[in-house]
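# Structural features, examined
The chain contents come next:
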Amino acid sequence: MTKENYKDYLKRLLVIAVPIILSNIISQVQMLIDRAFLGHVDNLYMSALSNVNSPIWTTMSFCFSLVVGASIIISQKVGAGKKDQTEEYAAAMMKWNNVIPLVLFVFWALFSEPVFRLMGVSEALMPICLEYARYFIPCFLILGLEASSSVIMQTSNYTKPLVYFGIVRAGLNLFLDWALIFGNLGFPALGIKGAAIATTIAEYAGFIYCWFIFVSSKKLPTRPRLKTTLKAPLKPFLVSARLGLNTALEDFGWNFGNLMMIRILNTINDMAAGIYTIVFSVEILVVVVFGALGQGTMTLSGEAVGKKDRDQYKGVCIVAYALSAVVALVLLVFALIMPQKIIAIFTSDANIIATCSMYLLMICLNLFCKAGNIIVGNGIRGSGDTAWMFYTQIFGTIGVIACASLFVFVFKWGIAGVFAAVMLDEAVRTFVNLAKYISISKKLPAAIEA
């Protein structure tokens, strides 16, 4: 590969990833401010958010991950120039991807409290968790269309509307947070209930705006026609969902491991989960960058497989990881220079600030391995192999739960034991997944010809 090749891969990667990055960062900054507002009202709110968001996001991410199969197939069909098959899979996704979110909405409406009890939520936190969940779960009703439209934009290499979606959603959310959490402009001070209402209203407003752009834009070649969508049979969706199911189960495995981390933290004290949430709230700012670069990597890797371009398959992944490593290094520098100022954004409690500083450094060091898993994992998925990452996640989930239990309950490391288990899990899976990626890369031409 020449220097010009890498420049081309970088340009194409950034065209897809930058709008997603900006949209994600805008959304995450909004969430950080949301959590900062709540943290300064009541420290228990941070633990409540952790206990609510972890299980709900586990089910939400399943819906987003399920369409990964459609994204891979559509990208490969685009690379191979098969327009009819591209529309076939896109239409089926747009039509049938709304069923599971509706089922999940009903599930959370009926069974929120039993889920939280299984997580070990204390009686002090239970009313707070239930109140937040009650006003947040309507977001499931638009989840299917939101996930499907994102795939169409991504596979069309036109993700710019996602930036404006993020701006509309985040701007409205912050305004409503300020008004509803604290009771400004004559509104009642609703605390965490106000945060949930603000988030739901903002999600719907952002969705309406993004959907308008989606319907009217002329820059979405993979968008199916309405007539084709209405008549789309179930079979193409099942084919793509079967491919995406591995990724959905992989994400479920990761989220289940995270749920168990929260469960273990709840045995330490009521604030342990809150500390965990604060640290990962900082980490997520750069992880969303990795995720966006990973989405671009998967799309361009899928195109490379479709047109049998081994150089693109390898080059895109190299460029994406290099960018991710730079971003990880920037956050690590800030964590070394001003850790307490970063944590103070979320709480004024001096003890929590001092405690979180060490954990922040640990998680920043972990970012280099996390970036590897995200970028390399998406390269593996782009080749059409979505099962491998699911298998490694199974062992990773079992391993991280076992290690966290050992470190917390036997070695008595407390919260530090949970962070140590997370770091060990990411490191081991990074080397395993990298070995698989190299193997796929070497065999790619023969595998395609076969």
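Only a predicted model underlies this, so the values are computations on that prediction, with no experimental measurement involved. (Residues numbered from 1 in each chain as written. Predicted model: local features only at pLDDT ≥ 70, side-chain atom pairs only at ≥ 80, totals over all residues. Heavy atoms only, no water.)

### Brief notes about the overall build of the chain
What counts is decided by this rule: Secondary structure elements follow DSSP: runs of H or I no shorter than four residues count as helices, runs of E no shorter than two count as strands, and numbering proceeds from the N terminus. When we talk radius of gyration, it's over C-alpha atoms, and the globule rule is simply 2.2 Å times the number of residues to the 0.38. To sort residues, take the accessible area from a 1.4 Å probe on protein chains only and compare it with the maximum for the residue type: under 20% means buried, over 50% means exposed, and anything in between is partly exposed. Whether two residues are in contact is decided by their heavy atoms: any pair within 4.5 Å suffices.
Looking only at helices and strands, one finds 17 helices and 0 strands in the chain. For 450 residues, the compact-globule formula gives about 22 Å, and the C-alpha radius of gyration of the chain, at 21 Å, lands near that figure. Summarising its shape, the C-alpha atoms of the chain cover approximately 60 × 45 × 35 Å along the three principal directions. Out of the 450 residues belonging to the chain, those deemed buried represent 55%. The long-range share in the chain, meaning contacts at least 24 apart out of those at least 6 apart in sequence, stands at 82%.

### Some details on empty space enclosed by the protein
The criterion, for reference: Whether a set of points on the 1 Å grid over the protein atoms alone is a cavity depends on a 1.4 Å probe fitting there but being unable to get out, while an open set qualifies as a pocket with protein on both sides within 12 Å along at least five of seven lines; lining residues are those with an atom within 4 Å of a point. Grid points are joined across faces, edges and corners, and a volume is the space filled by probe spheres set on the points.
Counted by the stated rule, this structure contains 2 cavities of 30 Å³ or more. Taken as a whole, the second largest cavity spans an internal volume of roughly 120 Å³. Lining the second largest cavity we find 13 residues, and of these Trp 254, Asn 258, Val 400, Val 422 and Asp 425 sit closest to its centre. Among the elements that make up the lining of the second largest cavity, the one with the highest residue count is helix H11 (residues 234-266) (4 residues).

### Structural notes on a nonpolar patch on the surface
Cut-off, in case you're wondering: For patch building, the residue pool is restricted to those with more than 30% relative accessible area and no salt bridge; the joining distance is 9 Å between like charges and 5 Å between nonpolar side chains (Val, Leu, Ile, Met, Phe, Trp, Tyr). A 1.4 Å probe and the Shrake-Rupley method give the accessible areas. Residues count as covered only by the protein chains that appear here. Each salt bridge in this description consists of a side-chain nitrogen of Lys or Arg and a carboxyl oxygen of Asp or Glu lying within 4 Å of one another.
Taken together, the side chains of Val 41, Phe 175, Trp 178, Phe 182, Leu 185 and Phe 187 define a hydrophobic patch exposed on the protein surface, amounting to about 560 Å² of accessible area. It is helix H8 (residues 161-182) that provides the largest number of residues to the nonpolar patch, a total of 3 residues. Residue classification places Phe 182 among the partly exposed positions, given a relative accessible area of 35%.

### Focus on helix H1 (residues 3-41)
Turn by turn, an α-helix covers 3.6 residues, leaving residues three or four places apart pointing in a common direction. Just so we agree on the cut-off: Given the number of residues in a helix, its expected span is that number minus one, multiplied by 1.5 Å. The quantity called bend is, for any residue, the angle between two axes fitted respectively to the seven residues ending at it and the seven beginning at it.
Given a rise of 1.5 Å per residue, 39 residues ought to cover 57 Å, and the 53 Å separating the end C-alpha atoms of H1 matches this to within 8%. Most pronounced at Leu 14, the bend in H1 amounts to some 35°.

### Some words on the side chain of Thr 386
Condition: Pairs of N or O atoms are called polar contacts if they sit within 3.5 Å, as long as, within protein, a hydrogen donor faces a hydrogen acceptor (for residues adjacent in sequence, only side-chain-to-side-chain pairs).
Secondary-structure assignment places Thr 386 in the loop between helix H15 (350-382) and helix H16 (387-410). At a separation of 3.0 Å, a polar atom in the side chain of Thr 386 contacts the side chain of Asn 246. With residues near it in sequence (within four places) discarded, Thr 386 still touches Ile 72, Leu 243, Asn 246, Thr 247 and Arg 381.

### Section: the packing of aromatic side chains
To describe a pair of aromatic rings, you give the distance between the ring centres and the angle between the ring planes. Heads up, the rule is: Side-chain rings of Phe, Tyr and Trp, where Trp is taken by its six-membered ring, are said to pair if the distance between their centres is within 6.5 Å; with planes under 30 degrees apart they count as stacked, over 60 as edge-to-face, and otherwise as tilted.
For the structure on display, the rule yields 20 aromatic pairs. Between the aromatic rings of Tyr 313 and Tyr 437, the centroid separation amounts to 5.4 Å while the plane-to-plane angle is 20°, which identifies the pairing as stacked. Remark: Tyr 437 occurs in helix H17 (residues 415-449) and Tyr 313 occurs in helix H13 (residues 310-337); sequence separation between them is 124 residues. Owing to a relative accessible area of 0%, Tyr 313 belongs among the buried residues under this scheme. These aromatic residues form a ring-pair network of at least three members: Phe 107, Trp 108, Phe 111 and Phe 116.

### A few points about the pattern of salt bridges
Considering all chains together, one arrives at 10 salt bridges under this definition. Where Arg 225 meets Glu 87, a salt bridge forms, and the shortest distance between an N and an O atom there is 2.9 Å. In this pair, Arg 225 is assigned in the loop between helix H9 (192-216) and helix H10 (226-231) and Glu 87 in helix H4 (residues 83-96), connecting sequence segments 138 residues apart. The salt bridge involving Glu 203 is made with Arg 169; its shortest N-O contact spans 3.3 Å.

### Quick notes on the environment of Leu 245
Tracing the backbone shows Leu 245 in helix H11. Classification of Leu 245 by relative accessible area gives partly exposed; the value is 34%. Leu 245 has contacts with Phe 62 and Leu 66, leaving out every residue within four places of it along the chain.

### Thoughts on unusual backbone geometry
Residue Asn 157 is not a glycine yet carries a positive backbone phi of 55°. Summarising the element assignment, Asn 157 is placed in the loop between helix H7 (143-155) and H8.

### Let's talk about the state of the cysteines
Simply put, the disulfide is a covalent bond whose two ends are the sulfur atoms of two cysteines. Formally: When two cysteine sulfur atoms are found within 2.5 Å, that pair is recorded as a disulfide.
Under the defined criterion, the tally for this structure stands at 0 disulfides. Not part of a disulfide, Cys 210 finds its nearest cysteine sulfur in Cys 139, a span of 15 Å. The exposure class assigned to Cys 210 is buried, which follows from its relative accessible area of 7%. Looking at Cys 369, it has no disulfide partner, and the nearest cysteine sulfur is the one in Cys 364, 13 Å off.

### Side note on the packing of helix H12 (residues 272-307) against H13
Filter applied, for reference: Here the axes come from fitting lines to C-alpha atoms, over the contacting stretch only for helices, and the angles between their N-to-C directions go from 0 to 180 degrees. An angle below 35 degrees is read as roughly parallel, one above 145 as roughly antiparallel, one from 65 to 115 as roughly perpendicular, and any other as oblique. Residues are sorted three ways: Asp, Glu, Lys and Arg are charged, Ala, Val, Leu, Ile, Met, Phe, Trp, Tyr, Cys and Pro are nonpolar, and all the rest, Gly among them, are polar.
One way to put it is that H12 packs onto H13 with a least axis distance of 9 Å and a crossing angle of 175°. Taken together, H12 and H13 sit at an angle that is classed as roughly antiparallel. Residue-level inspection shows Val 282, Val 286, Val 289, Phe 290, Leu 293, Thr 297, Leu 300, Ser 301, Glu 303, Ala 304 and Lys 307 of H12 in contact with H13, the latter providing Gln 312, Tyr 313, Val 316, Cys 317, Ala 320, Leu 323, Ser 324, Val 327, Ala 328 and Leu 331. Residues belonging to the contact of H12 with H13 are distributed by class as follows: 15 nonpolar, 4 polar and 2 charged.

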